[in-house]
Amino acid sequence: MKKIIALLLVALFVCGALAACGGSQSKDAATADQKKDFKAGFIFLHDENSTYDLNFINAAKAACEKLGVECILKTNIDESNACKETALDLVDQGCGFVFADSFGHESYMIEAAKANPKVQFSHATGTMAHTEKLDNYHNAFASIYEGRYLAGVAAGLKLNEMIESGKITAEQAKIGYVGAYTYAEVVSGYTSFFLGARSICPSATMEVQFTGSWYDETAEKEAATTLIKNGCVLISQHADSMGAPTACEDAGVPDVSYNGSTLSSCPNTFIVSSRIDWTPYFEYAIKAAMNGDKIDTDWTGTLGTKSVVLTEVNEKAAAKDTQAKIDEVKAKLESGEIHVFDTKTFTVNGEALTSYKADVDTDTETDPAKKGDTEVISDGYFHESENRSAPYFDVRIDGITLLNEKF
């Protein structure tokens, strides 16, 4: 009898172990199926014709392909309630992660996030995630000012080459810059580019022409043409079409583009381009959403995360040894030996900038009385994108002339 009871107990133990193992396998299989069926939705202001949006689109496709998740793209979604409706539609389609790429999308993304607490929402260039404090709403950007600084180094080398060859004088080393709006993101961009150029060509100056649109090929081409007529001998931009690069190619003026190479269309004038590679962020955030892990409220990509990159240098248009100099300066930025907004390298109204309160936490458009909430200068430099991911450098420094500020 005791032997029979012992055998029964062993049998029961084995059955229980097998059941537990089977349950574990079923759970693992269910988790695998859930990840396999995961969907990521993306909202873009324009489509592939915009260099800005194309940069995001390529990164979204690459990240989703690597992670093996379904990628749903929504293009030409303007900065209106259409963004919220599109976000909700993506949720209805089963997306567990929803991303939007334009500044004006933010308020609508927040509304969608509040209505769907189990879905993760992320937004590029936004400023409100760290103050909204929602578990499922996040901002992301990158230290692109470092990339623009490096592109500016390439521009400075080209200016020096033009001076040394006698094509221009040192006093004629004037850069033209096509900007979309007077937002801090644009100001940070053109200033970092200028400081990079002037670190190589000390006599460089800059004129900026704004268009009042992120994507307007006609306006951007007209702006570049105006700058060239004003005597600008090199052009760069923070706008999203081929307008400015095309104007440069037509006029034979060197060009430093943004968000991707324009070499195929502008082989004689394109030098280099900086851009944010969004693939590392998309991989990180989508994987976290799939696994139920926390996503950073405010994520800033860097040179180190390979989120800030430059295209290959076009040696036909660039000055000699441009790539070697870019590599040298990049190493110094990564090590902290130099800083883009080192206050020893610029002045404001002829004076050194020793203190500055930036708009990091406050929406000054709705509450202008609270302008300037965070001290951002210490250790001799302006700490850009360290208190939040989106740029907040909006200082007007000497050497840069704004031709129009209505936007």
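Placed above this text is the structure.
Just so it is clear, the structure is predicted and the values come from calculations on it, not from any experiment. (Residues numbered from 1 in each chain as written. Predicted model: local features only at pLDDT ≥ 70, side-chain atom pairs only at ≥ 80, totals over all residues. Heavy atoms only, no water.)

(A) Region of interest: the environment of alanine 358. Mapped onto the elements of the fold, alanine 358 is located in strand β13 (residues 357–358). Residue classification places alanine 358 among the buried positions, given a relative accessible area of 1%. A sequence separation of 26 residues divides alanine 358 from glutamate 384, and the C-alpha atoms of the two residues are 9.6 Å apart. (Helix = DSSP H or I, 4+ residues; strand = E, 2+ residues; numbered from the N terminus. Buried < 20%, exposed > 50% of the residue type's maximum accessible area, 1.4 Å probe, protein only.)

(B) View of unusual backbone geometry. Unusually for a residue other than glycine, aspartate 321 sits at a positive phi of about 65°. Relative to the elements of secondary structure, aspartate 321 occurs in the loop between β12 (308–310) and α11 (322–335). Look at aspartate 321 and you get exposed, because its relative accessible area is 53%. Residue aspartate 379 is not a glycine yet carries a positive backbone phi of 55°. Position of aspartate 379 relative to the elements: it lies in the loop between β15 (377–378) and β16 (381–382). A relative accessible area of 69% means that aspartate 379 is categorised as exposed.

(C) The arrangement of helix α4 (residues 106–115) in detail. Turning to α4, its buried residues number three or more, namely Glu106, Tyr108, Met109, Ile110, Ala112 and Ala113. Against β1 (39–43), α3 (81–92), β3 (95–100), β4 (120–124), α5 (129–132) and β5 (137–142) lie the buried residues of α4. (Contact = heavy atoms within 4.5 Å.)

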